Amino acid sequence: MRKIFFLLIALALVAAVSCNRSGTKNSKKLTIAVIPKGTSHEFWKSIHAGAIKAARELSSPGAEVEVIWKGPLREDDREQQIQVVEGFASQGVSGMVLAPLDNRALVRPVEEAKNAGVPTVIIDSALASQSIVSFVATDNRKGGMLGADRLGELLGGKGKVILLRYAEGSASTEEREAGFLQEMKQKFPNVELISTDQYAGATRDTAKRASENLLNRFGDDVQGIFCPNESTTAGMLSALQDIGKAGKVLFVGFDTSQMFVDAMRAKQLHGIVVQNPFNMGYLGVRTLVESLKGKPVEKRIDTGVTVITPDNLDAKEMQALLHPPLDEYLK
Amino acid sequence: MVAETKADWFRPSAGLARTWLNRLAPFLGLILVIVIFAILIGAPEKYLSLKNLRTVLAQTVIVAIGAIGMTVIIISGGIDLSVGSAIALTGVITALGINAGWSTSLAVSVGILVGGFVGVVNGLAITRMRVVPFIATLGMLGVARGVAKGIAGSQTVNMPETWANDLLLTIPKQSWMLVAPGVWIAIVLAVVAAVVLRRTVFGRRVFALGSNEAAARACGIATNRLKIYIYALAGLLFGLAGVMQMSRLRQGDPTVAAGLELDIIAAVVIGGGSLSGGEGSILGSMIGALIMAFLRNGCQQVGWPNYIQEIIIGALIVFAVAIDRWRHSRMAIA
């Protein structure tokens, strides 16, 4: 038994030494940790690609910029994301680009990291802290308002509408939901909001279940639907397709995926509000590196928001938003 | 086989070396993990720096406190799947209490007691309604999570700054503490629990219950009442884990710790606990929790993606149990 243990240790050591890849560290090299909310949504892959684009552009011989990409182990689990932030802080990376899962829960680790000399740029969702380099994100309220404009116009200013919310405590989607509701009530007072208090949860799967429940209850009345992010839009879309209602209800979603493009061509989805995650990842890393090099940076940077409809789908600038060059950067 | 392990506690002379080797096995595993990662990272002084150790220890506290309670339950032949939900529920209740203007100590006590209450309900379902622990606590997993979301209004509960927020600061405010206050609390609880399990009548009864319930009952142990005590006691610990979770997040989050029960059970199993009852040790479970925390921290610092981490931890659980079985079969032959 003791022999086996020593054998194991010896094996492990050999394995460890043979794949030890971190050589001597160049003092000028910048290591940037990019921490998304999760890693499976296509949205985060675009951010990853943008971050790598920035790293490549900003690297010069002798002063490389390296991007480390690491999401929470369990998608959308705050505790797990805190652990990742703490891990990078104690590892001593040059800086972090973080999409916080919660505007409060991540404050402590980010401030502790700052005290340890690791600055953070916040992307995507706000953080309730002044101890950050910059906040680089979509104007989410405006995104929600654009969604309301599109759906209101499609409905001709009247009809029954459902808003399926994303998850509890996510600042970016709450802004979109608030923007949607505000614009709908002000600009289209004759639209009746029949359900606005249901949450879809973190994944497509939970979103689909929530959508099915909503459609069982309101399926005969509803004329318009708005969903505030990729997973809710996808869940609602497949729930509509399952019961044969896709195309019969006016539906505006948020974020992009190939599934949404196909659905728009099939006239099952009548508009999507899209952010520019590629730009967000790019500007997040770029802003952090500039700040690390001592240049002044803006405290708030807007990365843009656009409505894509079945009509403008094939325009060149829309295609660029729909298909960021992932393969070029993530291979 | 089970009886033999038990007998080891009574006969210190017989097979003492082997017993110690058995108890050391998880510890060797921990050292192995640390050594491997110190080499892989290529900067052992960073991986083993006080800064990083503080971080890892603070990250282990919630799983460790949960694992103390889970060890007692698993030794008694039971299981509790509702830990993650109980942690979310007690965290939310403590945060709501602080918001309602209660003194922080009152809010924290209420949070812990609610954990105990969840445990009592589990115990009653298992004994009075005669539902097997797996199902009873699976039900509670849903119920407690739902109640947490309901009373929190499906939102996170933010609260004003109190001392409860400092329980798991990686760098404690009083520098003489060296590590977060919560780490010390976990250590004290682990020592107390280990003594209670090994040196008290209650502890002996827990082992007896898990080894052979019918025999325990025949010996005059009120097994049903004992089970309720066990789940209640563990529940109090889960309540404390919930307070710790709230302290780390600085908010009551009804969605937090989903799936954490699996980490806690894994810690107990890696530390030598047997799901068929009668075996397990607090020290082993603590080391199990540390192994997983060091693995996570190490995988991140090496730069491995998450999926590798999940594969390693999954394989480790099976591997740890396989070694344990193998050791037992050797002991049976000897």
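Structure's up top.
Residues numbered from 1 in each chain as written. Chains lettered and ligands numbered in written order. Predicted model: local features only at pLDDT ≥ 70, side-chain atom pairs only at ≥ 80, totals over all residues.

A.B. asks: Can you walk me through the overall build of chain B in this structure?
C.D. replies: Check the secondary structure of chain B and you find 14 helices and 2 strands. Taking 334 residues into account, the globule formula puts the C-alpha radius of gyration at 20 Å, and chain B, at 20 Å, falls close to it. Seen along its three principal axes, the alpha-carbon backbone of chain B occupies a region of about 60 × 55 × 35 Å. Looking at chain B alone, contacts between residues at least 24 apart form 77% of all its contacts between residues at least 6 apart. (Helix = DSSP H or I, 4+ residues; strand = E, 2+ residues; numbered from the N terminus. Rg over C-alpha atoms; globule rule 2.2 N^0.38 Å. Contact = placed C-beta atoms within 7 Å.)

A.B. asks: Just checking my understanding: could you explain the sheet that holds strand β1 (residues 30-35) of chain A for this structure?
C.D. replies: Residue and element names in this part refer to chain A. Spatially, 6 strands are ordered β2-β1-β3-β4-β5-β11 in an open sheet, and the strand pairing comes out parallel. The sheet terminates laterally at β2 (65-69) and β11 (300-302), the two strands that pair on one side only. If you compare each strand with its neighbour and ignore which way they point, the axes differ by 20 degrees on average. Strand direction decides the pairing type here: β1 and β2, joined by 5 bridges, are parallel. (Pairing = 2+ DSSP bridges. Axes fitted to C-alpha atoms, helices over the stretch in contact; angles between N-to-C directions.)

A.B. asks: What is the right way to read the packing of helix α6 (residues 104-127) of chain B against helix α11 (residues 223-249) of chain B from this model?
C.D. replies: Pairs of packed helices are described in terms of their axes, by the angle between the two and the distance that separates them. Residue and element names in this part refer to chain B. The N-to-C vectors of α6 and α11 enclose an angle of 145 degrees; their axes lie 6 Å apart at closest approach. Here α6 and α11 pass one another in a crossing that is right-handed. Here the contact of α6 with α11 is built from residues that sort into 17 nonpolar, 11 polar and 1 charged. (Left-handed = near helix turned anticlockwise from the far one by under 90°. Nonpolar A, V, L, I, M, F, W, Y, C, P; charged D, E, K, R; others polar.)

A.B. asks: Even after reading the chapter, I still don't get the interface of chain A and chain B, so can you show me in this structure?
C.D. replies: The accessible area lost on association of the parts is a frequent measure of interface size. On the side of chain B, 37 residues touch chain A, which itself brings 34 residues to the contact. Going through the elements one at a time, α1 (2-18), α3 (78-91) and α4 (107-115) of chain A are the ones with two or more residues in the side of chain A that touches chain B. In terms of residues, the side of chain A that touches chain B owes the most to one element, α3 of chain A, which gives 9 residues. Considering only residue class, the side of chain A that touches chain B consists of 13 nonpolar, 10 polar and 11 charged.

A.B. asks: So what exactly am I meant to see when it comes to the nonpolar core here?
C.D. replies: Burial of nonpolar side chains together is a common tendency in soluble globular proteins. Judged by nonpolar contacts, the single largest core of 148 residues is most densely connected at Ile32, Ala51, Val85, Val97 and Val285 of chain A together with Ile65 and Ala67 of chain B. Broken down by element, this core gets its largest block of residues, 16 residues, from α11 of chain B. With near-sequence residues (within four places) excluded, valine 285 of chain A lies in contact with Ile32, Val34, Ala51, Ala54, Ala55, Val67 and Val97 of chain A. One finds Met145, Leu146, Ala207 and Phe260 of chain A within the second-largest nonpolar core, a separate group that totals 45 residues. (Core = buried A, V, L, I, M, F, W, Y, C linked by C-beta atoms within 7 Å. Buried ≥ 20, exposed ≤ 12 C-beta atoms within 10 Å, placed from the backbone.)

A.B. asks: It is not clear to me how the pairing of strand β5 (residues 134-137) of chain A should be interpreted in this structure. Could you clarify?
C.D. replies: Consecutive side chains along a regular strand alternate between the two faces of the sheet. All names here are of chain A. Burial along β5 is two-sided: Ser134 and Val136 and Phe135 and Ala137, pointing in opposite directions, are all buried. In this sheet, β5 lies alongside strand β4 (residues 120-123) in parallel orientation, the contact comprising 3 bridges. Pairing of isoleucine 122 across the sheet is with phenylalanine 135, part of β5. Sheet topology note: the β5/β11 ladder contains 3 bridges and is parallel. Each bridged residue has a counterpart across the sheet, and for alanine 137 the counterpart in β11 is aspartate 302.

A.B. asks: What is the right way to look at the sheet that holds strand β6 (residues 159-165) of chain A in this model?
C.D. replies: To summarise the sheet geometry, strands pair through backbone hydrogen bonds and adopt either a parallel or an antiparallel arrangement. All names here are of chain A. The strand order across the open sheet built from 6 strands is β7-β6-β8-β9-β10-β12, with neighbouring strands paired in mixed fashion. The open sheet has two edge strands with one neighbour each: β7 (191-199) and β12 (305-308). Neighbour-to-neighbour, the strand axes of this sheet turn through a mean angle of 15 degrees, independent of strand direction. In this structure, β6 lies alongside β7, joined through 6 bridges in parallel fashion. Considered in β7, the bridge of lysine 160 is made with glutamate 192. Running over the sheet, helix α7 (residues 204-218) touches β6 and β7 and is turned about 145 degrees from β7.

A.B. asks: Mind showing me how you'd approach the pairing of strand β10 (residues 271-275) of chain A here?
C.D. replies: Residues and elements named next belong to chain A. The buried count for β10 comes to 5 of 5 residues, which makes it a mostly enclosed element. In this structure, strand β9 (residues 250-254) lies alongside β10, joined through 3 bridges in parallel fashion. Residue pairing in the sheet places glycine 253 in a bridge with isoleucine 272 of β10. Two strands pair when backbone bridges link them, and β10 and β12 are joined in this way by 4 bridges, in the antiparallel orientation. Pairing of isoleucine 272 across the sheet is with isoleucine 308, part of β12.

A.B. asks: So what exactly am I meant to see when it comes to α11 of chain B here?
C.D. replies: Three- or four-residue spacings in an α-helix give side chains the same orientation, since the helix completes a turn every 3.6 residues. All names here are of chain B. Across its 27 residues, α11 extends 39 Å between first and last C-alpha, which sits within 8% of the 39 Å expected from 1.5 Å per residue. Among the 27 residues that make up α11, 23 are buried, leaving the element largely enclosed by the rest of the structure. A positive backbone phi angle near 60 degrees is found at arginine 250, which sits one or two residues after α11. (Expected span 1.5 Å × (residues − 1).)

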